[in-house]
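Residue strings, one per chain:
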Amino acid sequence: MLCPPLSHVEPENGSVSEQELNDLKGVFDICDENGDGYLTLEELCKWMDKLGLFMTMEGMSDILRSGDHNLDGRLDFEEFVDISSALMPSNHEPKGPAVTSHVSGNETSDKGDDASASGTGCKDPELQEAFHVFDKDRNGLISPGELKSTLSQLGLLASSTSFSRIHSMIRRVDIDGDGHVSFSEFQTMMRGESYA
(Lines give C-alpha, C1' and ligand atoms only; values in the text may rest on other atoms or scores of the structure.)
Protein backbone atom coordinates (compact mmCIF):
# COMPACT_ATOMS: atom_id res chain seq x y z
CA MET A 1 0.00 0.00 0.00
CA LEU A 2 1.24 3.47 -0.83
CA CYS A 3 -0.16 5.26 2.23
CA PRO A 4 2.41 7.08 4.34
CA PRO A 5 2.86 5.87 7.91
CA LEU A 6 0.46 7.54 10.33
CA SER A 7 3.29 9.32 12.10
CA HIS A 8 4.07 11.24 8.89
CA VAL A 9 0.53 12.47 8.34
CA GLU A 10 -0.18 15.83 9.90
CA PRO A 11 -3.57 17.35 9.11
CA GLU A 12 -3.46 21.01 8.14
CA ASN A 13 -5.25 22.15 11.26
CA GLY A 14 -3.33 19.82 13.59
CA SER A 15 -6.49 18.98 15.55
CA VAL A 16 -6.72 15.24 14.87
CA SER A 17 -5.57 12.97 17.69
CA GLU A 18 -3.48 9.85 17.18
CA GLN A 19 -6.55 7.68 17.93
CA GLU A 20 -8.59 9.56 15.35
CA LEU A 21 -5.77 9.09 12.81
CA ASN A 22 -5.86 5.35 13.51
CA ASP A 23 -9.65 5.33 13.10
CA LEU A 24 -9.42 7.29 9.86
CA LYS A 25 -6.71 4.93 8.58
CA GLY A 26 -9.02 1.97 9.20
CA VAL A 27 -11.84 3.64 7.29
CA PHE A 28 -9.48 4.72 4.49
CA ASP A 29 -8.09 1.20 4.08
CA ILE A 30 -11.51 -0.40 3.88
CA CYS A 31 -12.69 2.18 1.32
CA ASP A 32 -9.55 1.66 -0.76
CA GLU A 33 -10.80 -1.54 -2.36
CA ASN A 34 -7.89 -2.00 -4.76
CA GLY A 35 -5.28 -1.19 -2.10
CA ASP A 36 -3.45 1.40 -4.20
CA GLY A 37 -3.36 4.01 -1.42
CA TYR A 38 -5.88 6.33 -3.06
CA LEU A 39 -9.65 6.79 -2.94
CA THR A 40 -11.35 7.33 -6.25
CA LEU A 41 -14.79 8.81 -6.78
CA GLU A 42 -16.12 5.32 -7.49
CA GLU A 43 -14.67 3.90 -4.26
CA LEU A 44 -16.11 6.77 -2.21
CA CYS A 45 -19.56 6.43 -3.78
CA LYS A 46 -19.59 2.66 -3.31
CA TRP A 47 -18.64 2.94 0.38
CA MET A 48 -21.19 5.68 1.08
CA ASP A 49 -23.85 3.54 -0.60
CA LYS A 50 -22.91 0.52 1.56
CA LEU A 51 -23.37 2.69 4.65
CA GLY A 52 -26.77 3.86 3.43
CA LEU A 53 -25.53 7.44 3.05
CA PHE A 54 -26.86 8.23 -0.39
CA MET A 55 -25.28 11.18 -2.15
CA THR A 56 -25.42 12.25 -5.75
CA MET A 57 -22.39 11.62 -7.91
CA GLU A 58 -22.11 15.40 -8.24
CA GLY A 59 -22.09 15.87 -4.45
CA MET A 60 -19.40 13.22 -3.97
CA SER A 61 -17.42 14.73 -6.84
CA ASP A 62 -17.55 18.14 -5.12
CA ILE A 63 -16.25 16.59 -1.88
CA LEU A 64 -13.46 14.84 -3.76
CA ARG A 65 -12.45 18.02 -5.61
CA SER A 66 -12.47 20.07 -2.41
CA GLY A 67 -9.94 17.73 -0.79
CA ASP A 68 -7.85 16.85 -3.82
CA HIS A 69 -4.97 19.25 -3.13
CA ASN A 70 -2.62 17.80 -5.75
CA LEU A 71 -5.40 17.70 -8.39
CA ASP A 72 -4.83 14.06 -9.38
CA GLY A 73 -8.56 13.19 -9.23
CA ARG A 74 -8.32 11.02 -6.12
CA LEU A 75 -7.64 11.31 -2.40
CA ASP A 76 -4.51 10.05 -0.71
CA PHE A 77 -4.61 9.42 3.04
CA GLU A 78 -3.40 12.90 3.99
CA GLU A 79 -6.11 14.51 1.83
CA PHE A 80 -8.70 12.17 3.35
CA VAL A 81 -7.61 13.23 6.85
CA ASP A 82 -7.86 16.90 5.87
CA ILE A 83 -11.41 16.44 4.53
CA SER A 84 -12.48 14.44 7.57
CA SER A 85 -11.09 16.97 10.04
CA ALA A 86 -12.68 19.83 8.10
CA LEU A 87 -16.05 18.06 8.27
CA MET A 88 -15.83 17.27 11.99
CA PRO A 89 -17.92 19.54 14.19
CA SER A 90 -15.89 22.39 15.66
CA ASN A 91 -16.91 21.32 19.15
CA HIS A 92 -15.65 17.80 18.50
CA GLU A 93 -13.61 16.53 21.40
CA PRO A 94 -11.53 13.43 20.85
CA LYS A 95 -12.42 10.44 22.92
CA GLY A 96 -9.84 8.67 25.04
CA PRO A 97 -7.91 5.73 23.64
CA ALA A 98 -10.05 2.86 22.50
CA VAL A 99 -10.18 -0.25 24.62
CA THR A 100 -8.17 -2.99 22.97
CA SER A 101 -9.69 -5.89 24.85
CA HIS A 102 -12.99 -6.21 26.65
CA VAL A 103 -13.53 -7.24 30.22
CA SER A 104 -14.90 -10.72 30.72
CA GLY A 105 -18.38 -11.01 32.11
CA ASN A 106 -21.58 -9.32 30.97
CA GLU A 107 -19.94 -7.39 28.12
CA THR A 108 -19.59 -10.41 25.88
CA SER A 109 -21.91 -10.92 22.96
CA ASP A 110 -24.49 -13.68 22.70
CA LYS A 111 -23.67 -14.02 19.00
CA GLY A 112 -21.15 -16.77 19.54
CA ASP A 113 -18.36 -16.60 16.98
CA ASP A 114 -19.15 -13.05 15.86
CA ALA A 115 -17.50 -11.48 18.90
CA SER A 116 -14.41 -13.62 18.53
CA ALA A 117 -14.40 -13.05 14.77
CA SER A 118 -13.83 -9.38 15.44
CA GLY A 119 -10.71 -10.34 17.35
CA THR A 120 -7.71 -12.36 16.26
CA GLY A 121 -9.79 -14.99 14.43
CA CYS A 122 -10.37 -12.64 11.48
CA LYS A 123 -8.33 -13.40 8.37
CA ASP A 124 -8.68 -9.86 7.04
CA PRO A 125 -6.88 -7.44 9.38
CA GLU A 126 -7.98 -4.32 7.47
CA LEU A 127 -11.62 -5.35 7.71
CA GLN A 128 -11.14 -6.14 11.40
CA GLU A 129 -9.54 -2.73 11.96
CA ALA A 130 -12.39 -0.99 10.15
CA PHE A 131 -14.92 -2.88 12.29
CA HIS A 132 -13.12 -1.74 15.44
CA VAL A 133 -13.39 1.87 14.30
CA PHE A 134 -17.14 1.48 14.79
CA ASP A 135 -17.17 -1.06 17.66
CA LYS A 136 -15.92 1.39 20.27
CA ASP A 137 -16.58 -0.85 23.30
CA ARG A 138 -15.07 -3.93 21.58
CA ASN A 139 -18.01 -6.17 22.44
CA GLY A 140 -18.23 -7.61 18.92
CA LEU A 141 -21.29 -5.53 17.95
CA ILE A 142 -21.83 -2.11 16.43
CA SER A 143 -24.70 -0.46 18.27
CA PRO A 144 -26.85 2.33 16.83
CA GLY A 145 -25.09 4.79 19.16
CA GLU A 146 -21.64 3.65 18.05
CA LEU A 147 -22.61 3.90 14.38
CA LYS A 148 -24.04 7.39 14.78
CA SER A 149 -21.10 8.60 16.86
CA THR A 150 -18.46 7.24 14.48
CA LEU A 151 -20.11 8.47 11.29
CA SER A 152 -20.56 11.91 12.89
CA GLN A 153 -16.93 12.02 14.04
CA LEU A 154 -15.75 11.10 10.54
CA GLY A 155 -17.85 13.91 9.08
CA LEU A 156 -20.05 11.47 7.15
CA LEU A 157 -23.24 12.22 9.05
CA ALA A 158 -24.73 15.27 10.69
CA SER A 159 -24.74 14.91 14.46
CA SER A 160 -28.41 15.91 14.36
CA THR A 161 -29.35 12.81 12.33
CA SER A 162 -32.21 10.94 13.98
CA PHE A 163 -31.84 7.49 15.46
CA SER A 164 -34.64 6.28 13.18
CA ARG A 165 -32.28 6.92 10.24
CA ILE A 166 -29.50 5.06 12.07
CA HIS A 167 -31.80 2.10 12.80
CA SER A 168 -32.81 2.08 9.13
CA MET A 169 -29.15 1.86 8.11
CA ILE A 170 -28.59 -1.03 10.52
CA ARG A 171 -31.70 -2.92 9.34
CA ARG A 172 -30.20 -3.05 5.83
CA VAL A 173 -27.47 -5.42 7.07
CA ASP A 174 -28.85 -6.83 10.35
CA ILE A 175 -29.37 -10.44 9.28
CA ASP A 176 -30.42 -11.75 12.70
CA GLY A 177 -32.63 -8.74 13.52
CA ASP A 178 -31.06 -7.91 16.89
CA GLY A 179 -30.66 -4.20 16.12
CA HIS A 180 -26.84 -4.35 16.04
CA VAL A 181 -24.23 -5.12 13.38
CA SER A 182 -22.03 -8.11 14.17
CA PHE A 183 -18.64 -8.62 12.56
CA SER A 184 -20.02 -11.22 10.13
CA GLU A 185 -22.82 -8.82 9.11
CA PHE A 186 -20.26 -6.02 8.68
CA GLN A 187 -18.08 -8.35 6.63
CA THR A 188 -21.02 -9.34 4.42
CA MET A 189 -21.87 -5.66 3.83
CA MET A 190 -18.32 -4.56 3.09
CA ARG A 191 -17.66 -7.42 0.71
CA GLY A 192 -20.91 -6.75 -1.13
CA GLU A 193 -22.19 -10.27 -0.50
CA SER A 194 -25.86 -11.18 -0.41
CA TYR A 195 -27.63 -10.68 2.93
CA ALA A 196 -29.89 -13.69 2.51
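Parameters and conventions
Residues numbered from 1 in each chain as written. Predicted model: local features only at pLDDT ≥ 70, side-chain atom pairs only at ≥ 80, totals over all residues. Heavy atoms only, no water. Helix = DSSP H or I, 4+ residues; strand = E, 2+ residues; numbered from the N terminus. Buried < 20%, exposed > 50% of the residue type's maximum accessible area, 1.4 Å probe, protein only. Contact = heavy atoms within 4.5 Å. Areas by Shrake-Rupley, 256 points an atom, 1.4 Å probe, with all protein chains shown as cover. Phe/Tyr/Trp six-rings, centres within 6.5 Å; stacked < 30°, edge-to-face > 60°. 1 Å grid on protein atoms, 1.4 Å probe; cavity = no way out; pocket = protein on both sides within 12 Å on 5 of 7 lines; lining within 4 Å. Points joined across faces, edges and corners; volume = space filled by probe spheres on them. Salt bridge = Lys/Arg side-chain N within 4 Å of Asp/Glu carboxyl O. Core = buried A, V, L, I, M, F, W, Y, C linked by side-chain atoms within 4.5 Å. Expected span 1.5 Å × (residues − 1). pLDDT = per-residue confidence, 0-100. Arc of directions from axis to C-beta.

Trainee: Tell me about the overall build of the chain, and please be specific about residues and values.
Mentor: The secondary structure content of the chain amounts to 9 helices and 2 strands. The secondary structure elements of the chain, listed N-terminal to C-terminal, are α-α-α-α-α-α-β-α-α-β-α. Taken over 196 residues, the chain has a buried fraction of 45%. Of the contacts formed within the chain by residues at least 6 apart in sequence, a portion of 60% connects residues at least 24 apart. By element, 51% of the accessible surface of the chain is carried by carbon and sulfur atoms, the whole surface being about 10100 Å².

Trainee: With reference to specific residues and values, describe the packing of aromatic side chains.
Mentor: Using the criterion set out here, one finds 5 aromatic pairs in the structure. Ring plane angle 80 degrees and centroid distance 5.5 Å describe the contact between Phe-28 and Phe-77, whose orientation is recorded as edge-to-face. Placement of the pair is Phe-28 in helix α1 (residues 18-31) and Phe-77 in helix α4 (residues 77-87), with a sequence separation of 49 residues. The pair Phe-28 / Phe-77 is uniform in exposure class, with both members buried. When the ring of Phe-134 is compared with that of Phe-186, the centres are 6.1 Å apart and the planes differ by 55 degrees; the resulting orientation is tilted. You can see Phe-134 sitting in helix α6 (residues 125-134) and its partner Phe-186 sitting in helix α9 (residues 183-190), a full 52 residues away along the chain.

Trainee: How would you explain empty space enclosed by the protein if you had to name every residue and give the values?
Mentor: Counted by the stated rule, this structure contains 3 cavities of 30 Å³ or more. Computed from the structure, the largest cavity encloses a volume of approximately 110 Å³. Around the largest cavity sit Lys-50, Leu-51, Phe-134, Ile-142, Leu-147, Met-169, Ile-170, Val-173, Val-181, Phe-186 and Met-189, which together line it. Where the lining of the largest cavity is concerned, the elements lending two or more residues are α8 (163-171) and α9.

Trainee: So what about the environment of Leu-44? Which residues, and what values?
Mentor: Topologically, Leu-44 is positioned in helix α2 (residues 41-50). Under the relative-accessibility criterion, Leu-44 is labelled buried at 9%. Distance from Leu-44 to Arg-74, taken between C-alpha atoms, is 9.7 Å for residues 30 residues apart in sequence. When residues no more than four places from it in sequence are discounted, the contact partners of Leu-44 are Leu-39, Met-60, Leu-64 and Leu-75.

Trainee: Describe the pattern of salt bridges, and please don't skip the residues or the numbers.
Mentor: Following the criterion strictly, the structure yields 5 salt bridges and no others. Residues Asp-72 and Arg-74 are paired through a salt bridge, measuring 3.2 Å at the closest nitrogen-oxygen approach. For Asp-72, a relative accessible area of 31% puts it in the partly exposed group. You can call Arg-74 partly exposed: its relative accessible area is 27%.

Trainee: How would you summarise the nonpolar core if you had to cite specific residues and measurements?
Mentor: Counting 41 residues, the largest nonpolar core has Trp-47, Phe-134, Leu-147, Leu-151 and Phe-186 as its most contacted members. Examining the composition of this core, we find that 6 residues originate from one element, α1, more than from any other. Beyond its immediate stretch of four places on either side in the chain, Phe-186 contacts Leu-127, Ala-130, Phe-131, Phe-134, Ile-142 and Val-181.

Trainee: If you had to explain α1 to someone new, which residues and values would you point to?
Mentor: Its 14 residues place the ends of α1 20 Å apart at the C-alpha level, agreeing with the 20 Å of an ideal helix rising 1.5 Å per residue. Of all the 14 residues making up α1, 11 are buried; the element is thus mostly covered by neighbouring parts of the structure.

Trainee: Requested: an account of the confidence of the model for the chain, with residues and values cited.
Mentor: Scored by pLDDT, the chain has a mean of 73; 70% of the residues are at 70 or more. Averaged over each element, pLDDT in the chain is lowest for helix α5 (residues 113-117) (39) and highest for strand β1 (residues 141-142) (95). Note that pLDDT drops below 50 for residues 89-120; the model gives that stretch 44 contacts with residues more than four away or on any other chain.

Trainee: So what's going on with α8? Residues and values would help.
Mentor: The set of residues buried in α8 consists of Ile-166, Met-169 and Ile-170. Axial view of α8: buried residues confined to an arc of 100 degrees, hence all on one face. Opposite its buried face, α8 presents the exposed residues Ser-164 and Arg-171, each directed more than 90 degrees away.

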